[in-house]
Amino acid sequence: MSPEDFQKKILSWFDLNGRKDLPWQLEVTPYRTWLSEVMLQQTQVTTVIPYFNRFLQSFPNVTSLAEAPLDLVLHHWSGLGYYARARNLHKTAIIINEYSGEFPDSLEALMALPGIGRSTAGAILSIAFNQSQPILDGNVRRVLARYHAISGWTGHAKIANELWKISTHYTPVMRCADYTQAMMDLGATLCTRSKPGCGECPISSNCLARIEDKVKLLPTPKQAKKTPVKSVIFLMLKNMQDQILLEKRPETGIWGGLWSLPEYQTFSEIESMCEHLNFLIKSVAELDEQRHTFSHYHLDYTPIVVKIENPINNVMEANQAVWYKAEQIESLGLAAPIKRLLQNQ
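These notes cover the structure that comes with them. Keep in mind the model is a prediction, meaning the values are calculated, not measured.

Along the polypeptide, Arg85 turns up in helix α7 (residues 84–98). Of the buried charged residues, Arg85 lacks a salt bridge, with Glu37 as the closest side chain of opposite charge at 10 Å. A distance of 2.6 Å separates the side chain of Arg85 from the backbone oxygen of Gln41, its partner in a polar contact.

This is the structure in structure tokens:
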């Protein structure tokens with residue numbers, strides 16, 4: 001099938017079946033497109049919609065986002081996961097705001113900004129600027145890998161480069177925004193990972209995966225590895241006012257920049273810390289072990305509630321720590337498991 005015929009079939013399907021009422025589609029701007037594309041990285045549309053709406057209420061434009069405290073931005077992101085996305089959003093907003101406040105309209109300039117890769121930049125340019133730019137998000141990878149029956153994990157550079165060439169080959173000069181949205185919609189609604197709707201697909205008659213009965217095999221999944229398990233103790237250190245100690249995590253790594261509970265491997269480490277700081281332990285309660293799963297490991301955590309007397313506030317402040325109060329939950333950036341623990345206390 002020629003690129004022109006491919007585009008025609010995709011766009012005709014989109015005109016009848018494409019999604020056109022998503023919140024970021026109702027008013028298309030570079031800011032709203034960028035925000036939605038970053039939120040949609042590794043996250044489903046149904047999950048993103050309420051976050052997108054709340055985010056826009058608090059940060060309606062790039063200037064308001066740039067001027068907001070990072071803690072408040074991370075609070076709005078809490079529960080969406082992959083928190084580096086939120087930190088990069090904030091960094092990029094600051095950079096754009098320091099210049100003209102306008103988004104750059106070139107691929108190179110967009111890709112130079114934190115958290116914007118080639119596919120995200122292409123989506124911004126095609127949707128918000130109507131430029132002819134290819135994209136290759138997870139949905140489009142799946143469509144093209146099946147259509148051309150390309151074997152091999154799409155994360156490998158060789159396979160990814162081949163798919164980029166194909167995506168570029170099919171990307172039209174006209175109706176760029178509609179075509180980009182159509183390809184994402186096709187992968188999200190019909191050419192799904194499991195139970196794809198091949199009977200309704202506009203390009204199924206030429207799809208090599210369907211012709212060769214390889215739809216269930218493609219795209220080739222990444223070779224599975226046993227997911228490692230890490231175990232920690234989350235210390236819920238309570239003072240006599242029932243305030244709980246929170247520490248700010250390093251900017252890099254898991255839950256980077258968020259407020260969290262201190263972590264320990266053994267209870268003896270907690271006892272040593274209390275002794276070192278002259279904390280008098282009044283009571284100890286161990287809660288049930290729980291599990292939180294990240295993309296590359298399971299975290300088994302056991303919350304231990306330790307009530308103490310006479311905390312030394314200046315020591316805590318020096319270690320970027322705060323005594324949590326109930327009303328602060330609305331302004332602190334907290335990972336979802338930590339927020340649930342605090343809400344239950």
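Scanning the model with the defined rule gives 9 salt bridges in all. A salt bridge links Asp71 to Lys248; the nearest nitrogen and oxygen atoms lie 3.7 Å apart. One end of the pair, Asp71, is in helix α6 (residues 70–77); the other, Lys248, is in strand β2 (residues 244–248), with 177 residues separating them in the sequence. Owing to a relative accessible area of 18%, Asp71 belongs among the buried residues under this scheme. Residues Glu309 and Lys282 are paired through a salt bridge, measuring 3.4 Å at the closest nitrogen-oxygen approach. Of this pair, Glu309 sits in strand β7 (residues 298–309) while Lys282 sits in strand β5 (residues 280–286); the two residues are 27 residues apart in sequence, bridging distant segments of the chain.

A few words now on the nonpolar core. Counting 58 residues, the largest nonpolar core has Tyr31, Trp34, Met39, Phe55, Trp77, Phe234 and Trp255 as the members making the most contacts within it. Ranked by the residues each element gives to this core, the list is headed by helix α4 (residues 45–58), at 6 residues. Setting aside its immediate chain neighbours within four residues, Met39 contacts Val48, Tyr51, Phe52, Phe55, Trp77, Leu80 and Arg85.

Turning next to the packing of aromatic side chains. This structure, assessed with the given rule, holds 12 aromatic pairs. With a centroid separation of 5.2 Å and an interplanar angle of 75°, the aromatic rings of Trp24 and Phe52 are classed as edge-to-face. Taken together, the positions of Trp24 in helix α2 (residues 23–26) and Phe52 in helix α4 put the pair 28 residues apart, joining distant regions of the chain. Note on Trp24: relative accessible area 6%, which makes it buried. On the basis of relative accessible area, Phe52 is assigned to the buried category, the value being 0%. A network of ring pairs unites the aromatic residues Phe234, Trp255, Phe294, Tyr297 and Tyr301 as a single cluster. A cation over a ring is seen here: Lys20 above Phe14, with NZ or CZ 4.5 Å from the ring centre.

So, how was this worked out
- Residues numbered from 1 in each chain as written.
- Predicted model: local features only at pLDDT ≥ 70, side-chain atom pairs only at ≥ 80, totals over all residues.
- Heavy atoms only, no water.
- Helix = DSSP H or I, 4+ residues; strand = E, 2+ residues; numbered from the N terminus.
- Buried < 20%, exposed > 50% of the residue type's maximum accessible area, 1.4 Å probe, protein only.
- Lys, Arg positive; Asp, Glu negative; His and termini not counted.
- Salt bridge = Lys/Arg side-chain N within 4 Å of Asp/Glu carboxyl O.
- Polar contact = N/O pair within 3.5 Å; in protein donor to acceptor, adjacent residues only side chain to side chain.
- Core = buried A, V, L, I, M, F, W, Y, C linked by side-chain atoms within 4.5 Å.
- Contact = heavy atoms within 4.5 Å.
- Phe/Tyr/Trp six-rings, centres within 6.5 Å; stacked < 30°, edge-to-face > 60°.
- Lys NZ or Arg CZ within 6 Å of the ring centre and 35° of its normal.

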